[in-house]
Amino acid sequence: MTASKHAVVIVGYGGMGSYHAKLIQGHPKLEVTGTFDLLEGRREASREDGYPAYDSYEAVLQDAAVEVILIATPNDVHKELAVQAFQAGKHVICEKPVTLSVEDFHIMVTAAKEAGRTLMVHQNRRWDEDFRVVTQMYRENTIGELFRIESRVHGANGIPGDWRHLEEFGGGMLLDWGVHLLDQLLYMIDSRILRLSSRLSFILGNGVDDGFEAMLEFENGISAVVEVGTTNFITLPRWYVKGTEGTGVIEDWSLQGRTVTRNPDMAHVEPKPIQAGVGLTKTMAPPSEEATITGTLPEAFHMPCSFFDNFAEVIEGKAEPIVKNEEVLRVLHLIDAIFQAARTGETLKDFDLYPAAPT
Ligand code: NAD
C-alpha cells in the first residue's frame, strides 16, 4: 500500500462490494487493501481481482493497518458489522439502507461517536446527473417555481437476487431503490412534509414489496410522487416536473429530455379546438407553437467533490460530510412513515422528520 493512502477493507464482496473496489481503484487517498466475505467463492473472486481476502471478520478488525471498513453486505447485518468496526477503532462507509430501523441507526451513530470515528452512508445517487439537473431546476427556477415533482424508476425484472426477496434481510424495493429516491427528494427540498400517503405493491407474491408509491406534500407548496416498480414493461419517465412557467421531463439516466416553457414574448394565444376521441376539446389541445419554447435540460447542479474525495477529507478532519447522519436519519423516519401509511391506509399529517432521539 502507498504510505499516504488510507487502507480500506471491503466487507461483502458481492455485486456492490466488487463495484466499490473498481470505484476506489486509483483514488489518490484511499486504497482497497483487502476484502472479507462469508463465502469462499467470493473470497476467491476477490483474490482473482487482486485483493487479498481475510479469513474472518475478526482478522480484519484486528489488523491495525486497516483504517476504513466499507460494508457492502445484505442490509440486516450492517449494524452489527459497523458497531464492531467502531469498537475496533475503524471508520465506516456503509451501504444503503444504512440499517433497518431508526433505533439501530442510533446505536451505530452512538458507537461511532464513542470511538471518535466517522460513519458515512453511501447515498451515491445524490451525485446522479439526472437528479442534479432537477436540483438545478428547483434551485434556479429554470421553469418557474417547481410545484410538482414526480420521481420514478421502473423495471420489468422483478426483485433481483436472493436476499432482497426476504424481509429478515431487509429486502423489498422501498428499502432498496426507495431509500435512494427519498434521499434525493429530502436532500433537494428543505421543507416540512405536511401530508403523506403511500401504497406498497405485492404483485409478484413475495413477502416484501416489489414496488411502492408515496405521495408527499411539502409546506413550501411542492407535491411529490415517488414511485418504484419492478413489473413495468413500459416505463414512465425518470422525472416529470412542473413549474409555474413550464414543464420538464427527463426520460432516463442518459438524460434524454426537454423542457417546454411559456413564451414570455407572446400574449395569451387562444388554443384551437382539436378532435379528441369522439369529442372535441380546447382545454386539452396542445399549446400553439408560438406560445411555447421547447428547450434543452439545464446544466446539472455542481457537486463540489465525489463521495470518496469527501470521505477521505472527512476522516482527515478537513471537511464536513456531504452525506450527513441527520439526513440519513430523516430518510429512515420517512421510510417508517411510508410503511405505516401503506399498512393503515391513512394519510399521515404533519409528521415529524426529526423526533427526539431515544435517551
Ligand atoms: P450481494 O448479494 O451481491 O453481495 C453481498 C455479499 O455479502 C455476498 O457476497 C455475501 O456472501 C456477503 N455477506 C453476507 N453476509 C456477510 C457477512 N456477515 N460478512 C461478510 N460478508 C457477508 O448484494 P449487493 O447487491 O452487493 O448489496 C450489498 C449492499 O449494497 C446492500 O446493502 C445493498 O442495498 C447495497 N447496494 C447499494 C447500491 C448503491 O448504488 N448504493 C447498489 C447495489 C447494492
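Being a predicted model, the structure only gives us computed values, none of them experimental. (Residues numbered from 1 in each chain as written. Predicted model: local features only at pLDDT ≥ 70, side-chain atom pairs only at ≥ 80, totals over all residues. Heavy atoms only, no water.)

### Quick word on the domain arrangement of the protein chain
Piece 1. Annotation of the protein chain at the domain level lists domain 1 (6-122) and domain 2 (126-255).
Piece 2. Put simply, the middle of domain 1 and the middle of domain 2, counted by C-alpha atoms, are 28 Å apart.
Piece 3. Both sides together, the interface formed by domain 1 and domain 2 hides about 670 Å², and carbon and sulfur atoms give 64% of it.
Piece 4. Of all residues in domain 1, Pro74, Asn75 and Lys96 bury the most surface against domain 2, accounting for 55% of the area lost on that side.
Piece 5. Seen at the junction of domain 1 and domain 2, the total is one salt bridge.
Piece 6. Measuring nitrogen to oxygen at the nearest pair gives 3.4 Å for the salt bridge that ties aspartate 176 to lysine 96.
Piece 7. Our count for the contact surface shared by domain 1 and domain 2 stands at three residue pairs in polar contact (both at pLDDT 80 or more).
Piece 8. Taken together, the residues of the side of domain 1 that touches domain 2 break down into three nonpolar, one polar and two charged. (Domains from an automatic or database assignment. Buried area = accessible area lost by both parts, 1.4 Å probe. Salt bridge = Lys/Arg side-chain N within 4 Å of Asp/Glu carboxyl O. Polar contact = N/O pair within 3.5 Å; in protein donor to acceptor, adjacent residues only side chain to side chain. Nonpolar A, V, L, I, M, F, W, Y, C, P; charged D, E, K, R; others polar.)

### Let's talk about the pattern of salt bridges
Piece 1. As enumerated under the stated definition, the model contains 20 salt bridges in all.
Piece 2. Beyond isolated ion pairs, a larger network of salt bridges with shared partners links Lys29, Glu313, Glu316 and Lys318.

### Details of the environment of glycine 248
Piece 1. Mapped onto the secondary structure, glycine 248 falls in strand 11 (residues 246-250).
Piece 2. Assessed through its relative accessible area of 3%, glycine 248 is described here as buried.
Piece 3. Separated by 102 residues in sequence, glycine 248 and leucine 146 have C-alpha atoms that sit 9.9 Å apart.
Piece 4. Leave out the neighbours within four places in its chain, and glycine 248 touches Met137, Ile143, Trp239, Tyr240, Val241, Arg258 and Thr259. (Helix = DSSP H or I, 4+ residues; strand = E, 2+ residues; numbered from the N terminus. Buried < 20%, exposed > 50% of the residue type's maximum accessible area, 1.4 Å probe, protein only. Contact = heavy atoms within 4.5 Å.)

### Here we look at the site of the ligand
Piece 1. In the vicinity of the ligand lie 24 residues, with Gly15, Met16, Asp37, Asn75 and Lys96 positioned nearest.
Piece 2. Backbone polar atom of glycine 15 to an oxygen atom of the ligand: 2.9 Å apart, as the coordinates give it.
Piece 3. Between the ligand and histidine 78 there is a distance of 3.1 Å, counted from an oxygen atom to a side-chain nitrogen or oxygen.
Piece 4. Contact with the protein chains hides 83% of the accessible area of the ligand, taken as 850 Å² for the molecule alone.
Piece 5. Three or more residues apiece are contributed to the shell around the ligand by two domains, here domain 1 (6-122) and domain 2 (126-255). (Near = heavy atom within 4 Å. Areas by Shrake-Rupley, 256 points an atom, 1.4 Å probe, with all protein chains shown as cover.)

### Thoughts on helix 1 (residues 15-24)
Piece 1. By the burial criterion, the buried members of helix 1 are Gly17, Ser18, His20, Ala21 and Ile24. One side of helix 1 holds all its buried residues, which, seen down the axis, span an arc of 150°. The exposed residues of helix 1 that point more than 90 degrees off its buried face are Gly15 and Lys22.
Piece 2. Where helix 1 is buried, its residues meet strand 1 (6-11), strand 2 (30-36), helix 2 (40-48), strand 3 (68-71) and helix 8 (307-315).
Piece 3. Just downstream of helix 1, glycine 26 is the residue with a positive phi angle, here 85°. (Arc of directions from axis to C-beta.)

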